Amino acid sequence: MKKYFKLFEECYIVSGKDKYTLYNVLTGNIYEIDEKRGKFCLLSENNMDIENACNNSGLLLSEAKIFIKEMESATLGMMSDFPIAMDKLNILPKWTEKMFFKQSHGINKATIGMDYDCSNSCNFCGNDAVTNRYKCWSCNSTSRSPIADDVAFRIIDIISERDCKELYLKEGDLLSDWGKTLRIVDYALNRGIEKVLLNIIHPIDDMTIINDMRVRNISLVLQRYIEKKKQIELIMSESRKYEGLDVTYILLTELDNKETIMQVAQNISQMYSYKLLIDFMIPNKLENVSKEYFDIERTIGKIDLVSYSIRQFHNECFYKNCYFDKEGNVYPCAGLKNRKYGDIDSMPETFRSENLGNYWNMSLSKKQECKECSMRFACNNCESLNYTLTGSHDRNVLCVKTII
Ligand code: SF4
Ligand code: SF4
Ligand code: SF4
């Protein structure tokens, strides 16, 4: 009697040049497997029985039995007496790509560069010789003249019409004119934006401001540039003020301060349930970036269903996200301000598929070195960093297979 093997609906097998990778989008785990076992999985997924799948993949029946046992004990698949039809989990089914009438271009998350005045003195402010990976989160403003209210309102009108649910306001000290910030936040909430995030670059001393934030359920992105050890205590003592709010710390520093920043991160995570993002300021030329930086950043994280689904066709950073500057210009993200899509005076042209497609569809599968790699849906990537360090989008500088 024929026997069959099938991966569970949350597990995908992806082929590469000489390896296969198995993705479990529910647990987030990924497994690299050899060619024979990969082929065996692929054939089994197409409902070929175990014996034939062995013959066609080169896997011995005895090896297949052990492999299937391992897969079953890792809850990745199961054996059965008959072929099982199973739809894979996916938030963007493949057929949407083939539709003649494309869905309209909604926006999930927008960021506005507010360019408020600022009295901080970050070493990297306005310094073109350094860069960082998460410019989408950090303040990298150089201008000190803020966005006009009417421009901010127009941007909010545009994104809310496109069903945007999340708005991030950053660049400069948003507390320096709290009345203006609140006007813009309230306008966004009234227009149906569900989540507003504010980048806050120094401790909030005024409890009425914290109360304003609580009432509106504002999320805080607390950017702290760490230069000295003594800042650890300062950060710990301010942290308790924000309890009950949705808080993400973005800790910025130079690599020399790695130990201090790790200490801060550890202290915060022991005491609070705040999210943490660590980002390093590095030279803006690839040849000047240290191996230590890449040892830290070249990692494979866990993969979830949303990321896996989007990464099959799109760039997860750019797909349905965009950045507006204070003049109303639109960009793929805050890290690519030299790559303008258009502006708020020409929205139909700006939001045409042909215009957005270059960035929205900039998936790793399009890169020469990645298209035959089975890790292409798992890898970290920052196109802003790629462009800054190499002058092009041809390669992924965070590739885990790169040896320098
Ligand atoms: S917080 Fe932003 S605007 Fe202020 S000094 Fe730092 S980088 Fe410049
Ligand atoms: S970045 Fe490296 S590991 Fe990732 S898909 Fe490309 S070649 Fe493969
Ligand atoms: S490419 Fe992605 S990670 Fe890099 S700055 Fe832009 S949005 Fe952030």
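Scroll up a little and you will see the structure.
Since this is a predicted model, take the numbers as computed values, not measurements.

Engineer: Honestly, the site of ligand 2 in this entry has me stumped. Any pointers?
Structural biologist: Close to ligand 2 lie Glu 369, Cys 370, Cys 373, Met 375, Arg 376, Cys 379, Asn 396, Cys 399, Val 400 and Lys 401, which account for all nearby residues. When the residues that make up the shell around ligand 2 are grouped by side-chain class, the tally is 6 nonpolar, 1 polar and 3 charged.

Engineer: Whenever I open this one, the pairing of strand E4 (residues 30-33) confuses me. Can you help?
Structural biologist: For a regular strand, side chains alternate in direction, first toward one face of the sheet and then toward the other. Sheet topology places strand E3 (residues 20-24) next to E4; 4 bridges connect them, and they run antiparallel. Among the inter-strand pairings, Tyr 20 is bridged to a residue of E4, identified as Ile 33.

Engineer: Before we go on, may I ask you to explain the packing of helix H1 (residues 35-45) against helix H2 (residues 50-57) in this structure?
Structural biologist: Relative orientation and spacing of two packed helices are given, respectively, by the angle between their axes and the distance between those axes. Running from N to C, H1 and H2 cross one another at 140°; their axes reach a closest spacing of 9 Å. Here H1 is positioned oblique relative to H2, judged by the angle of their axes. Considering the relative orientation of H1 and H2, their crossing is right-handed. Of H2, the residues touching H1 (which contributes Lys 36, Lys 39, Phe 40, Leu 43 and Ser 44) are Ile 50, Ala 53, Cys 54, Asn 56 and Ser 57. When its residues are assigned to classes, the contact of H1 with H2 shows 5 nonpolar, 3 polar and 2 charged.

Engineer: I keep staring at the packing of aromatic side chains and nothing clicks. Help me out?
Structural biologist: Each aromatic ring pair is specified by the distance between its two centres and by the angle formed by the two planes. Applying the stated rule across the entire model yields 17 aromatic pairs. Here Tyr 23 and Tyr 308 contribute two aromatic rings whose centre-to-centre distance is 5.2 Å and whose plane-to-plane angle is 55°, an arrangement assigned as tilted. Placement of Tyr 23 in strand E3 and of Tyr 308 in helix H10 (residues 305-311) is noted, with a sequence separation of 285 residues between them. Taking relative accessible area as the criterion, Tyr 23 reaches 0% and is therefore assigned buried. Look at Phe 40 and Phe 67: their rings are 6.2 Å apart centre to centre, the planes differ by 75°, and that puts the pair in the edge-to-face class. Within this pair, whereas Phe 40 is found in helix H1, its partner Phe 67 is found in helix H3 (residues 61-73), the two being separated by 27 residues in sequence. Phe 67 gets classed as buried once you look at its relative accessible area, which sits at 3%.

Rules used throughout
Residues numbered from 1 in each chain as written. Chains lettered and ligands numbered in written order. Predicted model: local features only at pLDDT ≥ 70, side-chain atom pairs only at ≥ 80, totals over all residues. Heavy atoms only, no water. Near = heavy atom within 4 Å. Nonpolar A, V, L, I, M, F, W, Y, C, P; charged D, E, K, R; others polar. Pairing = 2+ DSSP bridges. Helix = DSSP H or I, 4+ residues; strand = E, 2+ residues; numbered from the N terminus. Axes fitted to C-alpha atoms, helices over the stretch in contact; angles between N-to-C directions. Parallel < 35°, antiparallel > 145°, perpendicular 65-115°, else oblique. Left-handed = near helix turned anticlockwise from the far one by under 90°. Contact = heavy atoms within 4.5 Å. Phe/Tyr/Trp six-rings, centres within 6.5 Å; stacked < 30°, edge-to-face > 60°. Buried < 20%, exposed > 50% of the residue type's maximum accessible area, 1.4 Å probe, protein only.

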